[in-house]
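Listed below are the residues making up each chain.
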Amino acid sequence: MTTTLDRPADFSAARRAMIDGQLRTSGVNERFVLERMGAVAREDFVPEQARGIAYMDRAIRLPDGGFLPAPVFHGAMLAEARPRLTDKVLIVDGGSGYLAELVRPLVVSVETISAAEGAQGKATLETADLLLIDGAIEELPAELAKRIVEDGRVVTGLIDRGVTRLATGRKTGQSLSLLPLAEMGIPRLGQFDRPASWSF
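Residues numbered from 1 in each chain as written. Predicted model: local features only at pLDDT ≥ 70, side-chain atom pairs only at ≥ 80, totals over all residues. Heavy atoms only, no water.

A. Representation of the overall build of the protein chain within the structure. Per the secondary structure count, the protein chain includes six helices and eight strands. In the protein chain, the succession of helices and strands from N to C terminus is α-α-β-β-α-β-α-β-α-β-α-β-β-β. Over its C-alpha trace the protein chain gives a radius of gyration of 17 Å, about what one expects of a compact globule, namely 16 Å for 200 residues. The principal-axis extents of the C-alpha atoms in the protein chain amount to approximately 65 × 45 × 35 Å. Relative to its 200 residues, the protein chain shows a buried fraction of 48%. By sequence separation, contacts in the protein chain at least 24 residues apart represent 50% of the contacts at least 6 residues apart. Just so you have it, the protein chain exposes about 10,500 Å², and 51% of that area is on carbon and sulfur atoms. In the protein chain, which carries 24 positive and 27 negative side-chain charges, the distance between the mean positions of the two groups comes to 2 Å. (Helix = DSSP H or I, 4+ residues; strand = E, 2+ residues; numbered from the N terminus. Rg over C-alpha atoms; globule rule 2.2 N^0.38 Å. Buried < 20%, exposed > 50% of the residue type's maximum accessible area, 1.4 Å probe, protein only. Contact = heavy atoms within 4.5 Å. Areas by Shrake-Rupley, 256 points an atom, 1.4 Å probe, with all protein chains shown as cover. Lys, Arg positive; Asp, Glu negative; His and termini not counted. Charge placed at Lys NZ, Arg CZ, Asp CG, Glu CD.)

B. Quick look at the nonpolar core. Counting residues in each nonpolar core, the largest one holds 42 residues, and the members touching the most others are V103 and L132. Elements with a minimum of two residues in this core: α1 (12-23), α2 (31-39), α3 (71-81), β3 (88-93), α4 (98-103), β5 (128-137) and β6 (148-160). The greatest single-element share of this core, amounting to seven residues, is contributed by α3. For V103, the contacting residues outside a window of four places in its chain are L78, V89, I91, V110 and L132. Ranked by size, the runner-up nonpolar core spans 20 residues in total, among them I137, L144, A145 and L189. (Core = buried A, V, L, I, M, F, W, Y, C linked by side-chain atoms within 4.5 Å.)

C. Fine view of the packing of α1 against α3. At a minimum axis separation of 10 Å, α1 and α3 run at an interaxial angle of 75°. Judged by the inter-axis angle, α1 sits roughly perpendicular to α3. Where α1 approaches α3, its residues M18, Q22 and L23 are matched on the opposing element by P71, V72 and G75. Its residues assigned to classes, the contact of α1 with α3 shows four nonpolar, two polar and no charged. (Axes fitted to C-alpha atoms, helices over the stretch in contact; angles between N-to-C directions. Parallel < 35°, antiparallel > 145°, perpendicular 65-115°, else oblique. Nonpolar A, V, L, I, M, F, W, Y, C, P; charged D, E, K, R; others polar.)

D. Up close: the side chain of D93. Mapped onto the fold, D93 is located in strand β3. Put simply, D93 is tucked away with no salt bridge, and the nearest opposite charge, on R104, sits 8.9 Å away. Polar contacts involving the side chain of D93 include one to the main-chain amide nitrogen of S96, which spans 3.5 Å. Within polar-contact distance, the side chain of D93 engages the backbone nitrogen of G97 at 3.1 Å. (Salt bridge = Lys/Arg side-chain N within 4 Å of Asp/Glu carboxyl O. Polar contact = N/O pair within 3.5 Å; in protein donor to acceptor, adjacent residues only side chain to side chain.)

E. Seen up close, the pattern of salt bridges. A complete count under the given rule lists 15 salt bridges for this structure. Between D20 and R24 there is a salt bridge, with the nearest N and O atoms lying 3.4 Å from each other. Measuring nitrogen to oxygen at the nearest pair gives 2.9 Å for the salt bridge that ties D87 to R153. Within this pair, whereas D87 is found in the loop between α3 and β3, its partner R153 is found in strand β6, the two being separated by 66 residues in sequence.

F. Representation of the confidence of the model for the protein chain. In the predicted model, the protein chain carries a mean pLDDT of 92, and 94% of its residues have values of at least 70. Across residues 1-8, where pLDDT falls below 50, the model places two contacts with residues more than four positions away in sequence or in other chains. (pLDDT = per-residue confidence, 0-100.)

G. Spatial organisation of the environment of R82. Summarising the element assignment, R82 is placed in the loop between α3 and β3. Along the backbone, R82 and G21 are 61 residues apart, and their C-alpha atoms lie at a distance of 22 Å. Ignoring anything within four residues of it in the chain, the contact list for R82 reads E30, F32, D87 and R153.

H. Highlighting α3. In terms of burial, α3 is largely enclosed, as ten of its eleven residues are buried. When α3 is considered as a whole, its buried residues turn out to be P71, V72, F73, H74, G75, A76, M77, L78, A79 and A81. At the exit of α3 stands R82, carrying a positive phi of roughly 45°.

Right, here's the structure in full:
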């Protein structure tokens, strides 16, 4: 006899509630975003003991010290990025692998690197049309910015005076500046912190 405890949990209702109660109410209504976030199971990207809270409006810490950010961050990031079928995408992963799974069917190729590799500008992809950073950074390293093609885009979390915001930018010549957008809770990627400086 199969008991309730033997059956695999059904997270489809939680996924719908995430879309209707978090994404739509935050202004994320792009069809492709809702379809991808409705199709990818967040519960598969967290530890077993955290599966029950996979759809809550908060970041989930992972065993290796990384995070799965809150759904609204990923929804807003995809809406700003508007991935194209011709895009080569470089993703700096926050530790979960979830963002890459959201993006993969929308573009021609995806390379995922760790936050430590991203902070050092290490990637096998020589150039990318779109850079996505799955967390909040203090600054974008020059070596990483070099990999973005002319008119390429970047979407990331950005830390400014202790406040985290979604930010976007576009590369023009050698210039790439980030424009802060909506304030939201985004896990910090400490590998991208500016070096501490002394003041007297």
